[in-house]
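What follows is the residue order along each chain.
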Amino acid sequence: MQNRIIAFFSSQKFLHKKYLCTLILLFILQLLHAQLHVKPADSSDVQQITSTIRDTLSTVTITAFQSQGKWQDVPVAISLLDKQTLQFTDGSSLVSAFNTAPGVRFEQRSPGSYRLSIRGSLLRSPYGVRNIKVYWDGVPLTDAGGNTYLQLISPDQLSGAEIIKGPASSLYGASTGGAVILHSPVVFSESDSTADHFGVGVMGGSHGLINPAVSWQHSSSRFSGHLSISHLGANGTRAQDTMRRDVLHWNGSWLLNAKQRLDLISFYSDLHYQTPGGITAGQLGTDTTAYPLAVKQKAAVKNKTLFGAATLHSKLSAVLDNQTALLWSHTGFENPFTSNYEKRQEYNYGGRTVFTFHKRHSDLNWDVLAGMEWLAGHAAVDNFGNMSGRADTVQYKDRLQLEQRTFFIQGSLLLGAVQLQAGLSANQQIVGYKRLTDPTESRRQTARSDYLWSPRLGLNYRLIGDLHFYAIAARGFSTPTLAEIHPSDGSFNKDLQPEGGWNLEGGLKGTLLASRLQFDGSLYRFGLKNAIVRRSSATVDEYYVNAGSTRQQGAELWLNYELLQNSNAGRWLKQVAISSSLSYQPYRFLDYQVAGDDFQHHPVTGVPKNVSVFTLNMVSRPGFYLHALLNCTSQIPVNDASTAYASSYQLLQAKAGYRFISKGCQLDLYIGMDNILDQRYSLGSDINAYGKRFFNPAPGRNGFAGVSLIL
């Protein structure tokens, strides 16, 4: 059997290994070119590269669409999250931080079970991250099957994040929701000296929450490395609701010479969480906190993933740069579910290369970039009966081969106060399928999309001072993910088509009042065609259909105001800042029919009409600080017929502490509380769930406390 499987994979002519060979060859040639033909870097060269890296990762610059500019100068709808925001509350997850961005909704149905949407993309996401591309330091974290295991990542692995809102297919491939760019901690010394910092901390809280972590940061003029080990455990508040995550992460960055930098990312994550399942509205507030069948079948997810990537940044000449990345990952996945027990072995590999040609003049700057992204992989999916959490009789064994190709080109022109940006990509997805356990289905089937073209136009015009007007017209698309083509009912739906549509957007952003007020406000209109929608059967098996179209138009506003920026040593308060993000999302179905039911003009399922988030950040000169966050979310339709809604809620969170810094040592003591108002709400509903089991109740009022030490 094993030999037949190997022969099957080897015979797949559609798996073009030439793409991987091309990327590897580019990577090696650039490395040799710089080593053979470039003089060693002197101190001024190193300092210049170091400065560029620091600016790129700061909170006032962006890398989205290869911009390398300040956020207000580039025609991109984007939200930036710095390290402080990522750890604004207890620092154990990314949920609260991402939800501070307008138009972004990060849900947690149970500890470890995450779901992310940007501007309403939950119709097809019963769990996980779909319809959004995620990159880590320019390396695709989203696999060839269109899935991103974002729950494997701990916030202490990151120094910041950029959230691109709206279609980004012109440069980032399959996504109508947007893209997320994660950044690693990279710190270079400004001299020939080296520095090592060791960190240790532990956070604990209600319901068995425990989060110890240790880290090491090394920096010199040529090398920066970061190593972290963390554990996260929680018992949850429902039956069948525990989770555990252990992460080992390392990233490094070398300045090889004056014209090259090599970045490496690697992590191993071992995640296990139970899935209690949704309950009905009548069961909320009762002793029934989980779906009884989920408890009986010991429903859970077990995920062990090893990920590694290398990126080479090369300055090939005075006007030509290249960035080439290679990646590989393996995931061992098990999911004892209410109706079956699934085991998967996933291998993913691929790369991305971008060539940038740029010219700089006193009154005219322009650049053109071109490149490709190729992702491939194969998955062995074995499905068994579930006998109370134990794999039983074989139901089927399937083998799938995956490939995504993206070719892109983009040009940017900066002429005085005007910046123009235009991009175009061609994208294709290929999925091969074979069932080993059924002779009648032993012939390989292939689902192949046509090449999908995605243009994008962007304009940024500086009106006066630091006030900018921007406008965007972009077409996005999203191919079906592996979980949608091959859902839990075991079918292979090769007729499922990509969804896509045009987004038109305009807004104002910039700073006022001596840069104390930062703002970004926009209006947008996105029309989604051929929408992919999840459906479930009486046995809780899921499947997907193309159901019609939606009109997703809305408004977003982000404000950040520095009430106090005090440099006077006599004042007790050092900094006081408030911010708010407002999202207005009156999305509607248009031509939308499922199984004979017409949902035209109904609100789009899973999207709240109004979301307002307010934050307060206070820091005193002695080291005391206070972070507070209030999330006000309106009711959310949880089925297409709009007959059931998740209740609105006001989620108040706060964290207070004392940070002491002396002689290179930093001690941080803190205490906090979540859901201070003790709201009864569901932070992640099961959309269109069978039996009206829509709701996953979130924890009530709970607290946490912690300490960290950096030497």
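Scroll up for the structure.
Residues numbered from 1 in each chain as written. Predicted model: local features only at pLDDT ≥ 70, side-chain atom pairs only at ≥ 80, totals over all residues. Heavy atoms only, no water.

A.B. asks: Explain the overall build of the protein chain to me, please; I cannot follow it from the model alone.
C.D. replies: From N to C terminus, the protein chain includes eight helices and 38 strands. Put simply, the protein chain has 711 residues, and 57% of those count as buried. Long-range pairs, those at least 24 residues apart, make up 66% of the contacts in the protein chain between residues at least 6 apart in sequence. (Helix = DSSP H or I, 4+ residues; strand = E, 2+ residues; numbered from the N terminus. Buried < 20%, exposed > 50% of the residue type's maximum accessible area, 1.4 Å probe, protein only. Contact = heavy atoms within 4.5 Å.)

A.B. asks: Hey, could you run me through the nonpolar core in this one?
C.D. replies: A general feature of soluble globular proteins is that nonpolar side chains tend to end up buried together. Of all hydrophobic cores here, the largest spans 63 residues; its most connected members are F98, L116 and L182. Element by element, the count of residues in this core is highest for strand β14 (residues 260–274), at four residues. (Core = buried A, V, L, I, M, F, W, Y, C linked by side-chain atoms within 4.5 Å.)

A.B. asks: I keep staring at the layout of surface pockets and nothing clicks. Help me out?
C.D. replies: The method is simple in principle: a probe with the dimensions of a water molecule rolls over the atoms, and the space it marks as empty is what remains. Volume-wise, the second largest pocket comes out at about 1400 Å³. In this structure, the second largest pocket is lined by 48 residues; those nearest its centre are K83, Q87, D156, Q666 and I710. Contributions of two or more residues to the lining of the second largest pocket are made by α4 (83–86), β10 (195–205), β11 (209–219), β12 (223–234), β33 (624–633), β36 (649–662), β37 (665–674) and β38 (702–710). No other element matches β10, which puts eight residues into the lining of the second largest pocket. Class assignment of the residues belonging to the lining of the second largest pocket gives a composition of 19 nonpolar, 22 polar and seven charged. (1 Å grid on protein atoms, 1.4 Å probe; cavity = no way out; pocket = protein on both sides within 12 Å on 5 of 7 lines; lining within 4 Å. Points joined across faces, edges and corners; volume = space filled by probe spheres on them. Nonpolar A, V, L, I, M, F, W, Y, C, P; charged D, E, K, R; others polar.)

A.B. asks: Is there a simple way to explain a nonpolar patch on the surface in this structure?
C.D. replies: Among the surface-exposed residues, V200, V214, L227, I229, L248, Y268, L306, W328 and Y347 lie close enough to one another that they form a single nonpolar patch of about 740 Å² accessible area. For L306, the location among the structural elements is in strand β15 (residues 300–315). Residue L306 is classed as partly exposed on the basis of its relative accessible area, which comes to 40%. (Patch = residues over 30% accessible without salt bridge, like charges linked within 9 Å, V, L, I, M, F, W, Y side chains within 5 Å. Areas by Shrake-Rupley, 256 points an atom, 1.4 Å probe, with all protein chains shown as cover. Salt bridge = Lys/Arg side-chain N within 4 Å of Asp/Glu carboxyl O.)

A.B. asks: Which parts of the structure should I look at to understand the side chain of D520?
C.D. replies: Here D520 shows up in strand β25 (residues 517–529). The buried charged residue D520 lacks any salt bridge, with K509 as its nearest oppositely charged partner at 5.0 Å. A polar contact is formed between the side chain of D520 and the side chain of Y470, at a distance of 2.9 Å. (Lys, Arg positive; Asp, Glu negative; His and termini not counted. Polar contact = N/O pair within 3.5 Å; in protein donor to acceptor, adjacent residues only side chain to side chain.)

A.B. asks: When you look at empty space enclosed by the protein in this model, what are you seeing that I'm missing?
C.D. replies: In this structure the tally under the stated criterion is 10 cavities of 30 Å³ or more. Of the pockets and cavities examined, the second largest cavity occupies roughly 690 Å³. If you list the elements that add at least two residues to the lining of the second largest cavity, you get α5 (95–98), β4 (104–110), β12, β33, β36 and β38.

A.B. asks: In this structure, what is going on with the environment of F408? I would like to understand it.
C.D. replies: Position of F408 relative to the elements: it lies in strand β19 (residues 391–415). Taking the C-alpha atoms as reference points, F408 and G423, 15 residues apart in sequence, are found 7.3 Å from one another. Residues within four places of F408 in sequence aside, it is in contact with S170, L171, R352, T353, V354, L369, A370, G371, M372, E373, L424 and S425.

A.B. asks: Would you take a moment to explain the packing of aromatic side chains for this structure?
C.D. replies: Any aromatic ring pair is given by two values, namely how distant the centres are and how the planes are angled relative to each other. Counted under the stated rule, the structure contains 20 aromatic pairs. With centroids separated by 5.4 Å and ring planes inclined at 20 degrees, the aromatic side chains of F267 and F307 adopt a geometry described as stacked. Note that F267 is positioned in strand β14 and F307 in strand β15, a separation of 40 residues in sequence. The exposure class assigned to F267 is buried, which follows from its relative accessible area of 4%. A residue is classified by how much of its surface remains accessible, and F307, at 5% relative accessible area, is buried. (Phe/Tyr/Trp six-rings, centres within 6.5 Å; stacked < 30°, edge-to-face > 60°.)

A.B. asks: Explain unusual backbone geometry here, please?
C.D. replies: The backbone of S642 shows a phi angle near 60 degrees, a positive value even though the residue is not glycine. By the secondary structure assignment, S642 is in the loop between β34 (636–637) and β35 (645–646). Note on S642: relative accessible area 17%, which makes it buried. Unlike most non-glycine residues, N688 shows phi in positive territory, near 55 degrees.

A.B. asks: In this structure, what is going on with the side chain of E346? I would like to understand it.
C.D. replies: As for its placement among the helices and strands, E346 is situated in strand β17 (residues 341–360). Judged by relative accessible area, which is 5%, E346 ranks as buried. Within polar-contact distance, the side chain of E346 engages the side chain of Y149 at 3.1 Å. At 2.7 Å, the side chain of E346 forms a polar contact with the side chain of R344. Ignoring sequence-local partners within four residues, the contact set of E346 consists of D143, Y149, S329, H330, T331, H378 and A379.

A.B. asks: Could you clarify how one ought to interpret the pattern of salt bridges in this entry?
C.D. replies: In a structure, side chains of opposite charge can pair up when their charged atoms sit close to one another. Under the criterion given, the structure shown has 19 salt bridges. Residues R344 and E346 are paired through a salt bridge, measuring 2.7 Å at the closest nitrogen-oxygen approach. Note that D398 is salt-bridged to R435, the shortest N-O span being 2.7 Å. With D398 in strand β19 and R435 in strand β20 (residues 418–435), this pair connects stretches of sequence that are 37 residues apart. By relative accessible area, which is 0% here, D398 ends up buried. Bridged by salt links that share partners, the residues R119, K165, E505 and E556 form one connected network.

A.B. asks: Looking at this structure, I do not really get the sheet that holds strand β3 (residues 78–82). What am I missing?
C.D. replies: Sheet architecture is open: five strands sit in the order β3-β8-β9-β6-β7, paired in mixed fashion. A single partner strand is all that each edge strand has here, and the edge strands are β3 and β7 (139–140). Where β3 lies against strand β8 (residues 160–165), five bridges are found, and the strand directions are antiparallel. Along β8, the bridge assignment pairs L81 with A161. (Pairing = 2+ DSSP bridges.)

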